[in-house]
Amino acid sequence: MKPQATGLWLGRTSNGKTSDVPSLYVGKTREESRASCGACPLLKRNAPDKKARCYSQHGTPAIAHAQMVKTARAQPERYSFERAMDDRRASANMARFGAIGDPAGIPQATLEPQITTVKALGMRAVGYTSQYDEPHGQWLRGVFMASAKSEEEADRLVSEGWRATVVVEPGFTPRYTAGGNWMILCPAMAAARKGRKLTCNGCMKKGKLCDGSQDGPIVAFPDHGPQSRKGLTRTRIEAPTRVKAIAQFKDVHTDRIAIGIKMSKLRPTSWLVSSVAA
């Protein structure tokens, strides 16, 4: 596949995990974004069991991207790289190359100058690619992280000079791989386990863990895609007769959060609340 995707940039975001950092949405159309991912097995179309496992292409980022695509038809300058760099917060320690889609789907001639600019502005260029075995993805070795499909593949990629990430089981704890490589839990997810808050941007202020141009361990991410929610159990609790129904949505154009609160009367009944199975 010859890289031919372009992208839409936001200088400000309200992503709770990454924090307020410039972010690239790969693809000026939804079709272009999905095509950038190639044969990634997390996509429903590529999975043997046809189950959707990608948190972005099959989750809320896809909804945000679809709205951006629609707006960009009339206002293409709104999502330019240059505007994103001008709009960024001074506290941004990184730029995210891939809020959705695979950055390897964008031609090197387009992407490389953006990476250079981000670094010149004092930020780290953070991105992940599953196209590490494809000819067009080779130039990203030593630039972005490789999203390995298994622990064994992560070991192989490290031996080939890549920094690697891999999806692991929910109860993962840091350990050595079979190939002798140290593998740690994403610090933001590790902090969440202890009831603390750490964002990707905060992590980058302290270190360089997900900067693919720097040495470091394999980074493990517990599965957080759509299918990971299927392992939930239900617990019955009593609901009050009046509750606040809070609808929250994101305006991707201005990156503001709008909250609508509506008081609703409910009949005395029981709610089913999901909790992670032990």
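Residues numbered from 1 in each chain as written. Predicted model: local features only at pLDDT ≥ 70, side-chain atom pairs only at ≥ 80, totals over all residues. Heavy atoms only, no water.

**Student:** Explanation requested: helix α5 (residues 151–159) in the structure shown.
**Tutor:** Turn by turn, an α-helix covers 3.6 residues, leaving residues three or four places apart pointing in a common direction. Looking at α5, one finds that the buried residues are E151, E153, A154, D155 and L157. Contacts from the buried residues of α5 go to β5 (145–148), β6 (164–168), β7 (175–176), β8 (182–185) and β9 (218–222). Once α5 ends, the next one or two residues include G161, with phi positive near 100 degrees. (Buried < 20%, exposed > 50% of the residue type's maximum accessible area, 1.4 Å probe, protein only. Helix = DSSP H or I, 4+ residues; strand = E, 2+ residues; numbered from the N terminus. Contact = heavy atoms within 4.5 Å.)

**Student:** Please explain the packing of aromatic side chains as it appears in this structure.
**Tutor:** The geometry of an aromatic ring pair is captured by two quantities: the separation of the ring centres and the angle between the planes. Enumeration over the complete set of coordinates arrives at 6 aromatic pairs. The interplanar angle of 85 degrees and the centroid separation of 5.2 Å between the aromatic rings of W9 and F97 together place this pair among those described as edge-to-face. Residue W9 is found in strand β1 (residues 7–10), and its partner F97 is found in strand β3 (residues 94–100); the two are separated by 88 residues along the sequence. Residues W9 and F97 agree in their burial class; the two are buried. With a centroid separation of 5.4 Å and 40 degrees between ring planes, the pair formed by F97 and F144 is classed as tilted. Here F144 lies in the loop between β4 (124–129) and β5 and F97 lies in strand β3, a separation of 47 residues in the sequence. In this pair, the class of F97 matches that of F144, namely buried. What links up through ring pairs into an aromatic cluster is the set W9, F81, F97 and F144. (Phe/Tyr/Trp six-rings, centres within 6.5 Å; stacked < 30°, edge-to-face > 60°.)

**Student:** Can you walk me through unusual backbone geometry in this structure?
**Tutor:** As a rule of thumb, non-glycine residues mostly have phi less than zero, and peptide bonds are mostly trans rather than cis. Despite not being glycine, S19 shows a phi value in the positive range, around 85 degrees. Considering the arrangement of structural elements, one finds S19 in the loop between β1 and β2 (23–26). Taking relative accessible area as the criterion, S19 reaches 22% and is therefore assigned partly exposed. Backbone geometry at K50 places phi at a positive 60 degrees, although glycine is not the residue there. Its location among the elements puts K50 in the loop between α1 (30–36) and α2 (60–74). Using a relative accessible area of 47% as the deciding quantity, one classes K50 as partly exposed.

**Student:** When you look at the sheet that holds β3 in this model, what are you seeing that I'm missing?
**Tutor:** Note on sheets: strands pair through backbone hydrogen bonds, and any given pair is parallel or antiparallel. In space, the 9 strands of this open sheet follow the order β1-β2-β3-β4-β5-β6-β9-β8-β7, with mixed pairing throughout. Looking along the sheet, the strands with just one partner apiece sit at the ends: β1 and β7. Where β6 lies against β9, 4 bridges are found, and the strand directions are parallel. Bridge pairing links V168 to P222 in β9. Contacting β1, β2 and β3, α2 crosses the sheet at an angle of about 100 degrees to β1. The strands that α5 touches are β5, β6, β7, β8 and β9; relative to β5, the one it contacts most, it runs at about 150 degrees. (Pairing = 2+ DSSP bridges. Axes fitted to C-alpha atoms, helices over the stretch in contact; angles between N-to-C directions.)

**Student:** How do you make sense of the pattern of salt bridges when you look at a structure like this?
**Tutor:** Two side chains bearing opposite charge may form a pair once their charged atoms approach each other closely. This model, assessed by the stated rule, comprises 10 salt bridges. The salt bridge involving D133 is made with R156; its shortest N-O contact spans 2.8 Å. Taken together, the residues D133 in the loop between β4 and β5 and R156 in helix α5 connect sequence positions 23 residues apart. Each of D133, K149, E153, R156 and E160 takes part in a single network of salt bridges with overlapping partners. (Salt bridge = Lys/Arg side-chain N within 4 Å of Asp/Glu carboxyl O.)

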